[in-house]
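# Examination of the molecular architecture
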Amino acid sequence: MRRLSFLAVAAVFFLASCSSPETTTYTWEDISVSGEFLFSGPNTLQGKPASMPLNDIASKLGIEADDISAVYVNAATIEFEMDTLRGTLESALVQFVANELDLISVATKSPLPATDPVSCDVAEDPEDILPYLQDATTSVVVDVNVAQDLEVLSAKVTFGLTVEY
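Parameters at a glance
Residues numbered from 1 in each chain as written. Predicted model: local features only at pLDDT ≥ 70, side-chain atom pairs only at ≥ 80, totals over all residues. Heavy atoms only, no water. Helix = DSSP H or I, 4+ residues; strand = E, 2+ residues; numbered from the N terminus. Buried < 20%, exposed > 50% of the residue type's maximum accessible area, 1.4 Å probe, protein only. Contact = heavy atoms within 4.5 Å. Phe/Tyr/Trp six-rings, centres within 6.5 Å; stacked < 30°, edge-to-face > 60°. Core = buried A, V, L, I, M, F, W, Y, C linked by side-chain atoms within 4.5 Å. Arc of directions from axis to C-beta. pLDDT = per-residue confidence, 0-100.

### Digging into the overall build of the chain
Check the secondary structure of the chain and you find 4 helices and 9 strands. Listed by position from the N terminus, the elements making up the chain come as α-β-β-α-β-α-β-β-β-β-α-β-β. Buried positions account for 37% of the 165 residues belonging to the chain. In the chain, once contacts between residues fewer than 6 apart in sequence are set aside, the share between residues at least 24 apart is 78%.

### Some words on the packing of aromatic side chains
In total, this model carries 4 aromatic pairs according to the counting rule given. Relative to Phe159, the ring of Trp28 has its centre 5.7 Å away and its plane inclined at 35°; by these criteria the two rings are tilted. Taken together, the residues span a long stretch of sequence, with Trp28 in strand β1 (residues 23–38) and Phe159 in strand β9 (residues 150–164) at a distance of 131 residues. With respect to burial, Trp28 and Phe159 carry one shared label: buried. Put simply, the rings of Trp28, Phe96, Tyr132 and Phe159 touch in pairs and so form one group of aromatic residues.

### Quick look at the environment of Leu150
Tracing the chain through its elements places Leu150 in strand β9. When residues no more than four places from it in sequence are discounted, the contact partners of Leu150 are Phe37, Leu38, Met82 and Thr88.

### Focus: the nonpolar core
Grouped together as the largest cluster of nonpolar side chains are 43 residues, with contacts concentrated most on Ile78, Phe80, Val94, Phe96, Ile129, Phe159 and Leu161. Among the secondary structure elements, those contributing two or more residues to this core are β1, α2 (54–61), β3 (70–80), β4 (89–98), β5 (101–109), α4 (130–133), β8 (139–146) and β9. For this core, the leading source of residues is β9, giving 7 residues. If we ignore the near neighbours within four places in the chain, the residues touching Val94 are Ile78, Ile104, Ser105, Val106, Ala107, Cys120, Val140, Val141, Val142, Val157 and Phe159.

### Structural notes on α2
Every buried residue of α2 is accounted for by Leu54, Ile57 and Ala58. The buried residues of α2 occupy an angular sector of 95° when the element is viewed end-on, so they sit on one face. Among the exposed residues of α2, those oriented more than 90 degrees off its buried face are Asn55, Ser59 and Lys60. Summarising the contacts, the buried residues of α2 are in contact with β1, β3, α4 and β9. Positive phi shows up at Gly62, right after α2, with a value of about 75°.

### What about the environment of Gly35?
Summarising the element assignment, Gly35 is placed in strand β1. Assessed through its relative accessible area of 8%, Gly35 is described here as buried. Along the primary structure Gly35 and Leu153 are separated by 118 residues, whereas in three dimensions their C-alpha atoms are 5.5 Å apart. When sequence neighbours within four positions are dropped, the list of residues in contact with Gly35 reads Thr44, Leu45, Glu151, Val152 and Leu153.

### So, the confidence of the model for the chain
This prediction gives the chain a mean pLDDT of 89; 87% of its residues lie at or above 70. Between residues 6–16, whose pLDDT stays under 50, and residues either more than four places distant or in other chains, the model counts 0 contacts.

Quick look at the structure:
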């Protein structure tokens, strides 16, 4: 009888360990990026997120942040803070970078539409951005092609995230 109980408990643990991770979605809003003295051609806007969303996500799920196993970008939008899209901005590439992590691209849009907000096309095979969300040195980088010189350009980036835990 004892052996049967042990086997039943072992089977439950085995099945639980083989189950796929649970997923949820989260919207990470209003990451400010900016650049100054932009020239005609490729330019970079960048900004550090005010806070990383891992603790908010974990709190929403009722889990510890360490229980989050992966985070993927499933949507990205850019809202430029001045009416610059008409004929001024041609394309955008959204990326993450950190001091000890490589630059990764998560979304792009080319050509840009004439109005805000810009819904970007996310990578078909997205990379796990969890290491970037765990690193305090992470910056969001938006490379834009500009058709004319600009003194300053600012934007807000919003990400839709798929969270595995």
